[in-house]
Amino acid sequence: MGKGSQNYGKRGSFDTNSSKQETFPAWAKDVNECEEEYQVSRGVGLSNAEAEKRREIYGYNELEKHEGTSIFKLVLEQFNDTLVRILLVAAVVSFVLAYLDGEEGGEKEITAFVEPLVIFLILIVNAIVVEQATVIRDGKRISNLPAKELVPGDIVELRVGDKVPADMRVMGLISSTVRVEQGSLTGESEAVSKTVKVVPENSDIQGKKCMVFAGTTVVNGNCICLVTQTGMNSEIGKVHSQIHEASQSEEDTPLKKKLNEFGELLTLIIGVICALVWLINVKYFLSWEYVDGWPRNFKFSFEKCTYYFEIAVALAVAAIPEGLPAVITTCLALGTRKMAQKNALVRKLPSVETLGCTTVICSDKTGTLTTNQMAVTKLVAVGSRVGALRSFNVEGTTYSPLDGKIEGWPVGRMDANLQMIAKIAAVCNDAGVEQSGNHYVASGMPTEAALKVLVEKMGFPEGSNHGSSSNDKDLLRCCQLWNKLEQRVATLEFDRDRKSMGVIVNSSSGRKSLLVKGAVENLLERSSHIQLLDGSVAELDQYSRELILQSLHEMSTSALRCLGFAYKDDPEEFKTYNGDEDHPAHQLLLNPASYSSIESRLVFVGMVGLRDPPRKEVRQAIEDCKAAGIRVMVITGDNKNTAEAICREIGVFGPHEDISTRSLTGKEFMTHRDQKNHLRQMEGLLFSRAEPRHKQEIVRLLKEDGEVVAMTGDGVNDAPALKLADIGIAMGIAGTEVAKEASDMVLADDNFSTIVAAVGEGRSIYDNMKAFIRYMISSNIGEVASIFLTAALGIPEGMIPVQLLWVNLVTDGPPATALGFNPPDKDIMKKPPRRSDDSLITAWILFRYLVIGLYVGIATVGVFIIWYTHDTFLGIDLSGDGHSLVTYNQLAHWDQCRTWKDFSVKPFTAGNQVFAFDSNPCDYFQSGKIKASTLSLSVLVAIEMFNSLNALSEDGSLLTMPPWVNPWLLLAMSVSFGLHFLILYVPFFAQIFGIVPLSLNEWLLVLAVSLPVILIDEILKFIGRCTSSWRYSVARPSSKRKEE
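Residues numbered from 1 in each chain as written. Predicted model: local features only at pLDDT ≥ 70, side-chain atom pairs only at ≥ 80, totals over all residues. Heavy atoms only, no water.

A. Focus on the overall build of the protein. For the protein, the helix and strand inventory stands at 37 helices and 34 strands. Expressed as a percentage of the 1044 residues in the protein, the buried residues total 54%. (Helix = DSSP H or I, 4+ residues; strand = E, 2+ residues; numbered from the N terminus. Buried < 20%, exposed > 50% of the residue type's maximum accessible area, 1.4 Å probe, protein only.)

B. Representation of helix H21 (residues 618–627) within the structure. Three or more residues of H21 are buried, namely Val618, Ala621, Ile622 and Cys625. End-on view of H21: buried residues confined to an arc of 100°, all on one side of the axis. Just beyond H21, the residue with positive phi is Gly629, at close to 75°. (Arc of directions from axis to C-beta.)

C. Broad picture of the state of the cysteines. Evaluation of the coordinates by the stated rule reveals one disulfide. The partner cysteine of Cys897 in its disulfide is Cys922, sulfur to sulfur 1.9 Å. Measuring the twist about the S-S bond at about -90°, one finds the Cys897-Cys922 disulfide to be left-handed. Of the two residues, Cys897 is situated in the loop between helix H32 (888–892) and strand S33 (908–910) and Cys922 in the loop between strand S34 (913–915) and helix H33 (930–950); the sequence distance between them amounts to 25 residues. Classification of Cys897 as buried rests on a relative accessible area of 3%. With a relative accessible area of 15%, Cys922 lands in the buried category. (Disulfide = S-S within 2.5 Å.)

D. Main features of the confidence of the model for the protein. A residue-level look at the protein finds 84% of positions with pLDDT of 70 or above and a mean pLDDT of 80. Contacts from residues 1036–1044, a stretch scored under 50 in pLDDT, to residues over four places away or in other chains number four contacts. (pLDDT = per-residue confidence, 0-100. Contact = heavy atoms within 4.5 Å.)

E. Just the pattern of salt bridges, in detail. Taken as a whole, this structure holds 26 salt bridges when the rule is applied. Note that Asp154 is salt-bridged to Arg137, the shortest N-O span being 2.8 Å. Taken together, the residues Asp154 in the loop between strand S2 (140–146) and strand S3 (155–158) and Arg137 in strand S1 (residues 132–137) connect sequence positions 17 residues apart. Each member of the pair, Asp154 as well as Arg137, is classed as buried. Here the salt bridges share partners, and the residues they tie into one network are Lys676, Glu697, Arg700 and Glu704. (Salt bridge = Lys/Arg side-chain N within 4 Å of Asp/Glu carboxyl O.)

F. Examining the packing of aromatic side chains more closely. Applying the stated rule across the entire model yields 22 aromatic pairs. Ring centres 6.1 Å apart and planes at 85° place the aromatic pair Trp900 and Phe925 in the edge-to-face group. Taken together, the residues span a long stretch of sequence, with Trp900 in the loop between H32 and S33 and Phe925 in the loop between S34 and H33 at a distance of 25 residues. Look at Phe977 and Phe981: their rings are 6.3 Å apart centre to centre, the planes differ by 25°, and that puts the pair in the stacked class. Of the two residues, Phe977 and Phe981 both sit in helix H34 (residues 967–985), four residues apart, roughly one turn of that helix. (Phe/Tyr/Trp six-rings, centres within 6.5 Å; stacked < 30°, edge-to-face > 60°.)

G. Region of the structure containing a nonpolar patch on the surface. A cluster of nonpolar residues, Leu265, Leu268, Ile269, Val272, Leu276 and Leu279, forms a patch on the protein surface that exposes about 550 Å² of accessible area. Residue position: Leu268 is located in helix H10 (residues 254–285). Among the residues examined, Leu268 registers a relative accessible area of 56% and is labelled exposed. (Patch = residues over 30% accessible without salt bridge, like charges linked within 9 Å, V, L, I, M, F, W, Y side chains within 5 Å. Areas by Shrake-Rupley, 256 points an atom, 1.4 Å probe, with all protein chains shown as cover.)

H. Structural context of the side chain of Lys695. On the secondary structure map, Lys695 appears in helix H25 (residues 692–704). In this view, Lys695 contacts Ile635, Met711, Thr712, Gly713, Asp718 and Ala721; residues no more than four positions away in its chain are not counted.

I. Here's a closer look at unusual backbone geometry. With a phi close to 50°, Arg601 is a non-glycine residue in the positive phi region. Within the fold, Arg601 resides in the loop between helix H20 (595–598) and strand S24 (602–611).

J. Seen up close, the sheet that holds strand S28 (residues 709–713). Overall, mixed pairing links the eight strands, which are arranged S12-S30-S29-S28-S13-S25-S27-S26 in an open sheet. Edge positions in the sheet fall to strand S12 (344–346) and strand S26 (663–665), since each of these pairs with one other strand and no more. Between one strand axis and the next, the sheet turns through 20° on average, direction left out of account. Two elements, strand S13 (residues 360–363) and strand S25 (residues 631–635), share four bridges in a ladder whose sense is parallel. Directly across from Ser363, in S25, lies its bridge partner Val634. (Pairing = 2+ DSSP bridges. Axes fitted to C-alpha atoms, helices over the stretch in contact; angles between N-to-C directions.)

K. Quick look at the pairing of strand S14 (residues 375–382). Counting buried residues in S14 gives seven out of eight residues, a clear majority hidden from the surface. Sheet analysis places S14 next to S24, joined by six bridges and oriented antiparallel. Looking at the pairing, Ala375 lines up with Arg611 of S24. In this structure, S14 lies alongside strand S15 (residues 389–393), joined through five bridges in antiparallel fashion. By the bridge assignment, Val382 is partnered in S15 with Leu389. Connecting S14 to the antiparallel partner S15 that follows it, the hairpin turn spans six residues, and Gly387 within it adopts a positive phi of roughly 90°.

L. Molecular detail of the pairing of strand S11 (residues 294–300). Taken across its seven residues, S11 has zero buried, putting it largely on the surface. As judged from the five bridges shared by strand S10 (residues 286–291) and S11, these two strands associate in the antiparallel manner. The residue bridging Ser287 from the neighbouring strand is Lys299, located in S11. Counting the residues between successive antiparallel strands, the hairpin from S10 to S11 contains two residues, one of them, Asp292, with a positive phi of roughly 55°.

M. Structural context of the packing of helix H28 (residues 752–793) against H33. At a closest axis distance of 10 Å, the pairing of H28 and H33 adopts a crossing angle of 150°. Classified by the interaxial angle, the pair formed by H28 and H33 is roughly antiparallel. Helix-helix and strand crossings are classified by hand; for H28 and H33 the assignment is right-handed. Every residue of H33 that contacts H28 at Tyr775, Ser778, Ser779 and Glu783 is listed here: Leu940, Glu944, Met945, Asn947 and Ser948. Residues belonging to the contact of H28 with H33 are distributed by class as follows: three nonpolar, four polar and two charged. (Parallel < 35°, antiparallel > 145°, perpendicular 65-115°, else oblique. Left-handed = near helix turned anticlockwise from the far one by under 90°. Nonpolar A, V, L, I, M, F, W, Y, C, P; charged D, E, K, R; others polar.)

N. Region of interest: the packing of helix H14 (residues 416–427) against helix H15 (residues 446–458). Closest axis-to-axis distance for the H14/H15 pair is 9 Å, and the angle between their directions is 145°. Considering only the axes of H14 and H15, their crossing is left-handed. In contact with Leu418, Ile421, Ala422, Ala425 and Ala426 of H14, H15 contributes Leu451, Lys452, Val455 and Met458. Looking at side-chain class alone, the contact of H14 with H15 contains eight nonpolar, no polar and one charged residues.

O. The arrangement of helix H16 (residues 477–485) in detail. Buried within H16 are the following residues: Cys478, Cys479 and Trp482. The buried side chains of H16 occupy one side of the element, clustering within an arc of 100° when seen end-on. Tucked inside the fold, the buried residues of H16 contact H14 and H15.

P. Just the environment of Thr398, in detail. Counting through the fold element by element, Thr398 comes out in the loop between S15 and H14. Between the C-alpha atom of Thr398 and that of Asn372, which follows or precedes it by 26 residues, the distance is 9.5 Å. Excluding residues that lie within four positions of it along the chain, Thr398 makes contacts with Gln373, Asp403 and Val453. Reaching out from Thr398, the side chain makes a polar contact with the backbone nitrogen of Ser400 at a distance of 3.3 Å. At 2.9 Å, the side chain of Thr398 forms a polar contact with the side chain of Asp403. (Polar contact = N/O pair within 3.5 Å; in protein donor to acceptor, adjacent residues only side chain to side chain.)

Below you can see the structure in the form of structure tokens.
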């Protein structure tokens, strides 16, 4: 509990009491029992001494502040990666060998430490308002006590606009009603009326009407409350704990898992190859003689042993794609930028890649699939006789009074029945509509704002229609006129029991009237009469009731939320009431239980159908999901009929499809005998009247079944489900800060189609990552093949470790990063989602890696041999530098050079340097290999540049996807070649890397040896295209068998 947590465990003798208080069901006990339990009097409150004593027990009233990850821990976490650990071992070994080499040679050259320093460098780069409350203490009212100092038992006064500081039991209402906005915690769409009455002990959080909860807001009324739970014991504290627990159990992303698996496989392969290299070369540093059939007289050379150990280290360095972590991070960052342009704000980089394998999207309905702007679409009034109804269609989907009109409306000729509907909609209403720039926004309840917009479209009886509303100041002109004629005297607040709101007005006729709006079924139950077209009143018979209910059912099944209107003239109790608190009727207003009896024997006048219309682009987005093999599940708190109608309209269900097995309420799902099989249905599913715990259960079951789940949410109560999902998606407009904090991605426009666009982007990013992984791994296999062939053939070492590191970290980096800019395939959202357990490297791809890698090895070793053994190759003259030729046998046994008779070599030139070997001809295979080594390095660089062109597409030919589809790749190749020229032709760098400048003919040789890599991969791609359907059909059944 933040700072208070220091004392939280020090309960001493208070353990028993505190335990009782933590479980005490205050909502199920009356006020006196609560006072007795918490040993406090409502009028006096706690004493300061008692409050201090309780704070020692319970700590401060604040949520735990979980410590963030320290920078040191972030650096250590880098070493959790298998590839990085191998690299770290290589770096340590390199340092030791560099030190030993320096000791033996008498000096420590800086070049010896370049390789380990670069390794360590890459590892380090990869890592790196006070609330107050009004409280009664010692019989005194303290109006500005910091909320964090509240303790269980404190008496708190709440006023309209206050943020509730702790979980509290309502002790008494000061105003007639108290309403609290608690949707962010409970998911309820409207403010909830609070009461002093006890509720059943097993009530859910929505049912605890005598409790107010920390973090919610009082929107109407004043009351006195008793603090029951503080800090982490409050309901919001429990959500906070669930979020923290969910964050502790976060799993690695599919890509991270695959890279770790690949790292483990690579470790095994490196170990085997290193062992083979040592076994092949053991004869060079360990020899013996056989005496009587047993080995004797062992001779061991430590110098040669460390030399071949260095080769093994170089092999490890060559095998590991050191630049891969940095390039993956860059690619993901580029993806977040693209997504931000599409209104998807990514909060966690790895979630970009996870989106690509999303198989299920669990979406909320309100505001995500719909616009979250209520609008009246149908008005039903009473006809000229009993049993006759009239219906009007209302145009428009926004809060603008100018948006659409009412079809068939008698402008300026409104009959008495329509006037009464307009009067009730305008006066029994606390909302407003304001213009904000070019948009109209609601202040207050969206439903009530839509009713005011309807009144403006209806116009005024004298002929003033909505055209007069064009002036900003007269935006709600008709509503203002009705409110002048019918002046409100008292309000009967809405509550969940009677589901209606009423106002008592002084009518222009001089009489009192009760105007009521609410749920149609509830108003009908309390209505005894019906108003006809001409204003006359008739008895509400059974036929009329059934006709109204039938019309209600038709509207509800069309996804309309229905509200009825009724009135009563001269309510008996309020005939003389004028707002005076001493009037007997005022006592009735202070008792919400009496509202139902006041709102009885009403005259029913009509009803309207409102809805939150679907977003226009959602239907196409649902179609895109179906084509992409992604299932859509709608999880909403709305009623079943409304939700089903919306789902039919947006394409989750067909217009006439039987959905009895695919549409369940949250409770029905929780009691379903086979929940997993229900969730496995391939078509879209709907869960209505769903609570937050239902969301969590659905996500948990889907994840257990191997699905990759994206979940949307906006409230505090959605936060645990957002954390639990593979991709938690919060709403940017309607979402709470808690939901956003728990999410992986935030929708700036709250739009479902943005999720679908983000999934497409995620797939594209994964394809691009596969492209550069394919490029880097195949290049590294080539480096391994080069070192292995060098060791196996016994020729001098072609490239030193620092050269390999230069290629891996610097030369390879730009093309690998540029592959992240590859354009997406045109059919990217027409393919099924990849399974999260699909192999990153399939058997066929691995075979291609090996073929290409083998060619890279042969080319780099081959050009080294060619320089020593040939003066021409493919018509290219190589004798210009004057170097001496040797036979392949001499090159393969260069370590025996000292035993050769009459062996001599001529000096050769490289740039401005002349290399002579008069004193020691055998040095021709050591320092004299500098030109051959440069050729090998240049072939490796060139071949990897051309190999990056192969990585543009996994199976697509360069003829169909030419290099210029990704201009960034061409630029990156130019940069890499430029960097290579820099170290070749700048003497300072050439000395560090142990290389020399090349002539034109030598560059022609490099190109002649490098270019075939494109032709080889084109042949392999062609074979891949021809066998793709066969390979896919073989892979899928095996994965299905694995599941079973």
